[in-house]
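So you can see what is in the structure, the chains are spelled out below.
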Amino acid sequence: MNGNGFDIRLLGTSGIEDHHAHLLRLDYLDRCLFFSVGNDDRAVDAHCLRLMSAQAILIGAYDNGRMRASIEIVPDRDGRRGQATLIAEADYQSDELADAMLSRARDEAAKHGLGKLDFVGMTGTPQTIRNQMARFA
């Protein structure tokens, strides 16, 4: 447990179901920001299928058994770099949780042989996004 009492864990292939449900709970604005090509449920379905085919590394933050935040790490074709995206439901966006998630993402990226991890986006309040972008660099 860390990140203000959240259970942060690496997800196996069956974790995509939790991730899918988490993405469906995003509010309208976060869905619009995250899914630039449509924010309906089909966009979430297609996104999760792409993650599976890309062999993405998924990390979830659970509160009372329900995923409330996640990080997706998508390796490049060479498997040397990865792109990381942090997604948090509106009521769960905080610097503390984001710090814990980003720390875990760095650790997992290193374990998977990714020498470089690029931050490509995040849901959250503008201040939280600015803080995390500065810390991630």
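Figured I'd write up the structure that's included with this text. Treat the numbers as computed from the prediction; the structure is a model and nothing was measured.

## Here we look at the overall build of the protein
- Tallying secondary structure elements over the protein gives five helices and five strands in all.
- Order of helices (α) and strands (β) in the protein, N terminus to C terminus: β-α-α-α-β-β-β-α-β-α.
- Here the protein holds 137 residues, and 45% of them are scored as buried.
- For the protein, the proportion of contacts with a sequence separation of at least 24, taken over those separated by at least 6, is 65%.
- Accessible area of the protein: about 7500 Å², with a carbon and sulfur share of 49%.

## Quick word on the pattern of salt bridges
- For the structure shown, the criterion picks out eight salt bridges.
- The salt bridge involving Arg-68 is made with Glu-89; its shortest N-O contact spans 2.7 Å. Of the two residues, Arg-68 sits in strand 3 (residues 66-75) while Glu-89 sits in the loop between strand 4 (81-88) and helix 4 (95-111), which places them 21 residues apart along the sequence. For the pair shown, Arg-68 and Glu-89 are each scored as buried.
- The partner of Asp-118 in a salt bridge is Arg-81, and the shortest N-O contact between them spans 2.7 Å. One end of the pair, Asp-118, is in strand 5 (residues 116-122); the other, Arg-81, is in strand 4, and 37 residues separate them in sequence.
- One continuous salt-bridge network, built from bridges that share partners, spans Arg-25, Arg-68 and Glu-89.

## Focus: unusual backbone geometry
- One non-glycine residue, Gln-55, lies in positive phi territory at about 55 degrees.
- Positionally, Gln-55 belongs in the loop between helix 3 (41-53) and strand 2 (57-63).
- Phi is positive for Asn-64, which is not a glycine, with a value near 50 degrees.
- For Asn-64, the position within the fold is in the loop between strand 2 and strand 3.
- A relative accessible area of 79% places Asn-64 in the exposed class.

## Remarks on the environment of Asp-18
- With respect to the secondary-structure elements, Asp-18 resides in helix 1 (residues 16-24).
- Residue classification places Asp-18 among the partly exposed residues on the basis of a relative accessible area of 35%.
- It is 9.7 Å that separates the C-alpha atoms of Asp-18 and Tyr-62, two residues lying 44 residues apart in sequence.
- Excluding residues within four positions of it along the chain, Asp-18 makes contact with Tyr-62 and Met-67.

## Structural notes on the side chain of His-22
- Relative to the assigned elements, His-22 resides in helix 1.
- A polar atom in the side chain of His-22 sits 3.2 Å from the side chain of Ser-70.

## Topic: the nonpolar core
- One finds Ile-8, Ile-59, Ala-61, Ile-71, Ile-73, Leu-97 and Met-101 to be the most contacted residues of the largest nonpolar core, which totals 22 residues.
- Going through the elements one at a time, strand 2, strand 3, strand 4, helix 4 and strand 5 are the ones with two or more residues in this core.
- At seven residues, helix 4 tops the list of elements feeding residues into this core.
- Excluding residues within four positions of it along the chain, Ile-59 makes contact with Ile-8, Arg-9, Leu-10, Leu-11, Ala-69, Ser-70, Ile-71, Ile-73, Met-101, Arg-104, Ala-105 and Glu-108.
- Core analysis: the second largest hydrophobic core is formed by 14 residues, Leu-23, Leu-26, Leu-51 and Ile-87 among them.

Rules used in this analysis
Residues numbered from 1 in each chain as written. Predicted model: local features only at pLDDT ≥ 70, side-chain atom pairs only at ≥ 80, totals over all residues. Heavy atoms only, no water. Helix = DSSP H or I, 4+ residues; strand = E, 2+ residues; numbered from the N terminus. Buried < 20%, exposed > 50% of the residue type's maximum accessible area, 1.4 Å probe, protein only. Contact = heavy atoms within 4.5 Å. Areas by Shrake-Rupley, 256 points an atom, 1.4 Å probe, with all protein chains shown as cover. Salt bridge = Lys/Arg side-chain N within 4 Å of Asp/Glu carboxyl O. Polar contact = N/O pair within 3.5 Å; in protein donor to acceptor, adjacent residues only side chain to side chain. Core = buried A, V, L, I, M, F, W, Y, C linked by side-chain atoms within 4.5 Å.

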